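Summary of structural features
For reference, the chains in residue letters:
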Amino acid sequence: MKKIFTLLFAISIGITSFAQNAKATMDKAVAALSKSSVSVNFKASGQLNDAGSLQMKGNKYCARGSQAIMWFDGKTQWTYMKSTDEVNITTPNSKKVSGVNPYGILNLYKNGYTLSEKKVAGGTEVYMKATANQGFKEIYITLNAKLQPTQIRFLNSKGWTTIVLSNYQTKNLAESTFKFNKKQFPNAEINDLR
C-alpha cells in the first residue's frame, strides 16, 4: 500500500511540475512578446484560410490578409473588406480578439485551462485544455528558443485552425498603425456596429 501511495504521490508531483513549467514558459513568452512591437508573417488554415502580415504591440494589432485588413487599438476593431470596400467598426470581446491576435491567444493560459508542455524540435510545445466552457477547447502553442510563437493550433466549436508565424522583426510601431485611417480608403462605406 505504501508503494502505491508513493507512486501516486510521485505522479501527482510530476503532473504539477509539468503544469508549473508550462505556466512559467507561458509567463516568459507573454512577457517577451509584450516588451516590444513586432511584425510577423502568418499563414492560417482550417477555419481561417488566409496569409499575410501581422503587426502587434501588446494587445493591439493590425492584420493584413488577402481578403481583409483588421486594426485593433485595444478597444475598437475596424475590419476593411476588400471585396465590398466596406469597413465594419465593432468593440469585440476577448474571444474574438484572441482568434486574430496571437498575443490574445497566448494570454488565455491564465484562466480556465490546464497546461502541460513538452520539448519539440526547435523549441517547446505548450498544450492548453479548457477546464470550463471556453471559446477554445484545446490549444497547442509551439514556441521557438526565443519563446516566440511559431505555430498556434486551436479547436473551437467549428473545428481546428492552425496559424503558422514566421519572419519575426522587432519594430517601432506608431499608435496609428492600429487604427483605421479613412484617408487611405476614401470611398469605403463605414458601418458602425458598436
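Not measured: the values here are computed from a predicted model.

Right, let's talk about the overall build of the protein for a bit. Scanning the protein from terminus to terminus reveals three helices and twelve strands. Looking at the 194 residues of the protein, the share that counts as buried comes to 42%. For the protein, the proportion of contacts with a sequence separation of at least 24, taken over those separated by at least 6, is 44%. Of the roughly 11000 Å² of accessible surface on the protein, a fraction of 54% belongs to carbon and sulfur atoms.

Of the residues in the protein, 85% reach a pLDDT of 70 or more, and the chain-wide mean stands at 84. Taking the mean pLDDT of every element in the protein, the minimum, 60, falls on helix α1 (residues 2-35) and the maximum, 96, on strand β6 (residues 86-90). A low-confidence stretch, residues 1-18 stays under pLDDT 50, and its non-local contacts, those more than four residues away or across chains, total three contacts.

Tracing the chain through its elements places Asp27 in helix α1. Taking the relative accessible area as the measure of exposure, Asp27 reaches 31% and is therefore partly exposed. In sequence terms Asp27 and Tyr109 are 82 residues apart; their C-alpha atoms lie 9.1 Å from each other. Looking at Asp27, its side chain comes within polar contact range of the side chain of Tyr109, at 2.3 Å.

Looking now at the pairing of strand β11 (residues 159-171). Bridge count between strand β1 (residues 37-46) and β11: nine bridges; the pairing is antiparallel. What sits directly across from Lys43, in β11, is Val164. In this structure, strand β10 (residues 149-156) lies alongside β11, joined through six bridges in antiparallel fashion. Bridge pairing in β11 places Asn156 opposite Gly159. Counting the residues in the hairpin turn of β10 and β11 gives two residues.

For the rest of this paragraph, the subject is the packing of aromatic side chains. Per the counting criterion, the structure on display carries eight aromatic pairs. Counting every residue linked through ring pairs, the aromatic cluster contains Trp71, Tyr80, Phe180 and Phe185. The ring centre of Tyr140 lies 4.6 Å from the NZ or CZ of Arg153, which sits over that ring. Between Arg153 and the ring centre of Trp160, over which it is positioned, the NZ or CZ distance is 4.8 Å.

Below, the discussion takes up the sheet that holds strand β2 (residues 50-57). Strand order in this open sheet of twelve strands is β7-β8-β9-β10-β11-β1-β2-β3-β4-β5-β6-β12, and the pairing throughout is mixed. Since the sheet does not close on itself, it has two edges, and those belong to β7 (113-120) and β12 (189-192), each with one partner. Ignoring which end each strand starts from, the neighbouring axes of this sheet average 15° apart. In this sheet, strand β9 (residues 138-144) lies alongside strand β8 (residues 123-130) in antiparallel orientation, the contact comprising seven bridges. Its bridge partner lying in β9, Gly123 is registered against Asn144.

The subject of this paragraph is the pattern of salt bridges. Throughout the structure, instances matching the rule amount to six salt bridges. A salt bridge links Lys57 to Glu175; the shortest N-O distance between them is 2.9 Å. One end of the pair, Lys57, is in strand β2; the other, Glu175, is in the loop between β11 and β12, and 118 residues separate them in sequence. You can call Lys57 partly exposed: its relative accessible area is 29%. Note that Lys60 is salt-bridged to Glu175, the shortest N-O span being 2.6 Å. Note that Lys60 is positioned in strand β3 (residues 60-65) and Glu175 in the loop between β11 and β12, a separation of 115 residues in sequence. Ionic contacts of the salt-bridge type, sharing partners, join the residues Lys57, Lys60 and Glu175 into one network.

Conventions we followed
Residues numbered from 1 in each chain as written. Predicted model: local features only at pLDDT ≥ 70, side-chain atom pairs only at ≥ 80, totals over all residues. Heavy atoms only, no water. Helix = DSSP H or I, 4+ residues; strand = E, 2+ residues; numbered from the N terminus. Buried < 20%, exposed > 50% of the residue type's maximum accessible area, 1.4 Å probe, protein only. Contact = heavy atoms within 4.5 Å. Areas by Shrake-Rupley, 256 points an atom, 1.4 Å probe, with all protein chains shown as cover. pLDDT = per-residue confidence, 0-100. Polar contact = N/O pair within 3.5 Å; in protein donor to acceptor, adjacent residues only side chain to side chain. Pairing = 2+ DSSP bridges. Phe/Tyr/Trp six-rings, centres within 6.5 Å; stacked < 30°, edge-to-face > 60°. Lys NZ or Arg CZ within 6 Å of the ring centre and 35° of its normal. Axes fitted to C-alpha atoms, helices over the stretch in contact; angles between N-to-C directions. Salt bridge = Lys/Arg side-chain N within 4 Å of Asp/Glu carboxyl O.

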